Amino acid sequence: MINFEKRPSTLFLSFMVLATTSCVIAQVTKTETPSNKSVAAQDAAAPAVAGKDAAGKSDSDDDADADLASMNKSAAKPATQSADKSADKSSAPKAEDDPQQKQIKQLRADAELRNEQLSAKLAAMKAENDQLRLAHEVAQQKQTQALQQLQAEKGKLEAELALLGAKDSTAAAPDKSKIESLQRAQKLRDAQLADELSGLSAEQNRLKQNQDVNSAKLQAELAASKAELERAKVAEDMLDMKSRVKIANLKREQDQISAENGLAAEKRRAEQSKIADEQMRATAVAQTTTAQITNRDAEDKWRDAVNAPPTYSMEPFKDGVLTISDRKIELDGPIVTGTADNVCDRIDYFNNQDRTKPIFVVINNSPGGSVMQGYRILKAIETSDAPVHVVVRSFAASMAATIATLAPHSYAYPNAIILHHQMSGGAVGNMTDMEQELKTMQEWERRLADPIAKKMGITLDEFKAKMYAAKKSGDWDEFADKALQLHWIDNIVNEIREEGIRKKPTENRMPSWMYMMKTDDKGSPYMSLPPLEPYDCYFMINPRNFYRVDGR
């Protein structure tokens, strides 16, 4: 502490120091030079500067945000327009693999990628701006602290001066060396403070310049992006216009093709209608023709058939006329295994159908045959509830003659031949075997020939004697009118009416002459005639021996 009592002359110097300090503080707070003025303005109006910087940053951020929003809007607008165009194009005919569409899609993808890149760069610049703002705030806090410290020192000096003045207003001024020391300390402190303020101001200017440079770069990039988006939009609009023109042309072509197709469909429908009418007329004609053919076929069938209901007379033989119904069984050819089944089954069928109407067994030509088969036929005739009438038209021998003679009702044409003779057979084995076979044959002869002899009114021996009296071979044959006298048949018929033939015969039973033509060893052609039945003969003119019977 300065002893002002010993040095009263230094009072004036103390006031001078105080005045000097006040001036320094005033110069710090109210700088007259440009640099000090800027520092003082920054220190004295730190809140205002901070507010201004915040406002500037806010304005820059708002501008950046507005630019980003504008870019997003510009990017979204083409996307929306593209969506609308896509919606419009979806209603129009699709043009797949169109180069213009591919180019539009590529431009849209590039714009979206550029938008994403700009958004990322803007976010990075925002982060850098936030860092700059934080550094600026730190510098402002340092300036405020330094200013506060200077203000505290100033207050301290003023307090010390006031204390000195209060203690001794007449005290002597402090020591000159002390004052000079204080002045040098004050100047050094002022210089340090000025250096610090100058460094902070330079840092603040550098940060501001960096911020301005970054903002300028961002604005330039935003402008370039906007220009690129505008160019992409213009290119897309051009492509879209070309696509619209192409789609319009395609739609016009489609409309023209649709009109042509409609006209062709109308023509086709007219042709189909015409064809349908012709088909209907043809169908009507065909149906009419079919109906006529059907009617004609029906008429032919009607004419080819006996349409009157069949009649069944209970007395079929009247006045030499025998009427045969459709209850007829034919017995032709040799009587062999199976013949009895054919005849007996039909006799049973007709009995099951009606047991009162007569049945007819017609023998056209039969040489006889098996005694067992013939005996079954005889028993079927004898046991039939419906009367069975046997008719001989041409020839009946042996077993067939036995059936005709022993039938309860027998008929024959006058020129039909009936032949009776002894049974023939053979035996193989020793004498005993052959004797037993002979006895069996004799028993069959007794069972079949004895009833015939009784019907003739003679014995069996007399019947056999007459056979050999008629012919040396024992084959006793007679025409039907003679057989009637011998009681071999019951009636001679002059006419046979076949009422059982209900349809026109269409089958030709005559053999073809082509199969009868042959050539002999000399190369001469001839016609081969089939061999005749027993007691039959050919009655025909035959010059140059053209007709021949093989084997004769």
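Worth saying up front: this structure is predicted, and the values here are computed from it rather than measured.

**Observations regarding the overall build of the protein chain**
Tallying secondary structure elements over the protein chain gives 11 helices and 13 strands in all. Across the 552 residues that make up the protein chain, the buried fraction comes to 30%. Within the protein chain, residue pairs in contact and separated by at least 24 positions form 75% of the contacts whose partners lie at least 6 positions apart. Of the roughly 35000 Å² that the protein chain leaves accessible, carbon and sulfur atoms contribute 55%.

**Some points on the packing of helix H7 (residues 371–383) against helix H8 (residues 399–406)**
Across the interface, H7 lies against H8 with an axial gap of 10 Å and an inter-helix angle of 15°. Judged by the angle between their axes, H7 and H8 are roughly parallel. Pair H7 / H8 crosses with right-handed handedness. Contact residues: Val371, Gly374, Tyr375, Ile377, Leu378 and Ile381 in H7; Met399, Thr402, Ile403 and Leu406 in H8. Its residues assigned to classes, the contact of H7 with H8 comprises eight nonpolar, two polar and no charged.

**Concerning the nonpolar core**
Of all hydrophobic cores here, the largest spans 46 residues; its most connected members are Leu331, Val392, Ile403, Ile418, Met456, Phe463 and Trp488. Counting residues per element, the ones that place at least two in this core are helix H6 (339–353), strand S4 (359–366), H7, strand S5 (388–397), H8, helix H9 (431–456), helix H10 (460–470) and helix H11 (480–485). Considering every element that reaches this core, the biggest residue donor is H9, with six residues. Sequence-distant contacts of isoleucine 403, defined by excluding residues within four places in its chain, comprise Leu331, Ile335, Gly374, Ile377, Leu378 and Ile381. Grouped together as the second largest cluster of nonpolar side chains are eight residues, Leu322, Ile324, Val391 and Tyr411 included.

**Points about the sheet that holds strand S10 (residues 495–498)**
The three strands lie next to each other as S1-S2-S10, forming an open sheet whose pairing is mixed. For this open sheet the edge positions go to strand S1 (317–318) and S10, each flanked by a neighbour on one side alone. The sheet contact formed by strand S2 (residues 321–324) and S10 spans four bridges and is parallel. Residue leucine 322 lies in a different strand from S10, and its bridge partner there is isoleucine 496.

**Some thoughts on the sheet that holds strand S12 (residues 525–529)**
What holds strands together in a sheet is hydrogen bonding between their backbones, with the strands either parallel or antiparallel. Strand order in the open sheet formed by three strands is S11-S12-S13, with mixed pairing between adjacent strands. Lying at the two open borders of the sheet, with one neighbouring strand each, are strand S11 (517–519) and strand S13 (547–549). Strand-to-strand twist across the sheet, computed as the mean angle between neighbouring axes with direction ignored, equals 50°.

**A word on the pairing of S12**
Among the five residues in S12, four count as buried, and that is most of the element. Pairing analysis gives three bridges linking S11 to S12, with the strands arranged antiparallel. Paired with methionine 517 across the two strands is methionine 527, which belongs to S12. Between S11 and the antiparallel strand that follows it, S12, lie five residues; glycine 523 among them carries a positive phi value of about 85°. Two strands pair when backbone bridges link them, and S12 and S13 are joined in this way by three bridges, in the parallel orientation. Each bridged residue has a counterpart across the sheet, and for methionine 527 the counterpart in S13 is tyrosine 547.

**Some words on the packing of H8 against H9**
It is the contact of H8 with H9, at a shortest axis distance of 10 Å, that shows an interaxial angle of 45°. In terms of their interaxial angle, H8 and H9 are classed as oblique. In the packing of H8 onto H9, the handedness of the crossing is left-handed. Packed against H8, whose contacting residues are Met399, Thr402, Thr405 and Leu406, the element H9 presents Leu448, Pro451, Ile452 and Lys455 at the interface.

Parameters at a glance
- Residues numbered from 1 in each chain as written.
- Predicted model: local features only at pLDDT ≥ 70, side-chain atom pairs only at ≥ 80, totals over all residues.
- Heavy atoms only, no water.
- Helix = DSSP H or I, 4+ residues; strand = E, 2+ residues; numbered from the N terminus.
- Buried < 20%, exposed > 50% of the residue type's maximum accessible area, 1.4 Å probe, protein only.
- Contact = heavy atoms within 4.5 Å.
- Areas by Shrake-Rupley, 256 points an atom, 1.4 Å probe, with all protein chains shown as cover.
- Axes fitted to C-alpha atoms, helices over the stretch in contact; angles between N-to-C directions.
- Parallel < 35°, antiparallel > 145°, perpendicular 65-115°, else oblique.
- Left-handed = near helix turned anticlockwise from the far one by under 90°.
- Nonpolar A, V, L, I, M, F, W, Y, C, P; charged D, E, K, R; others polar.
- Core = buried A, V, L, I, M, F, W, Y, C linked by side-chain atoms within 4.5 Å.
- Pairing = 2+ DSSP bridges.

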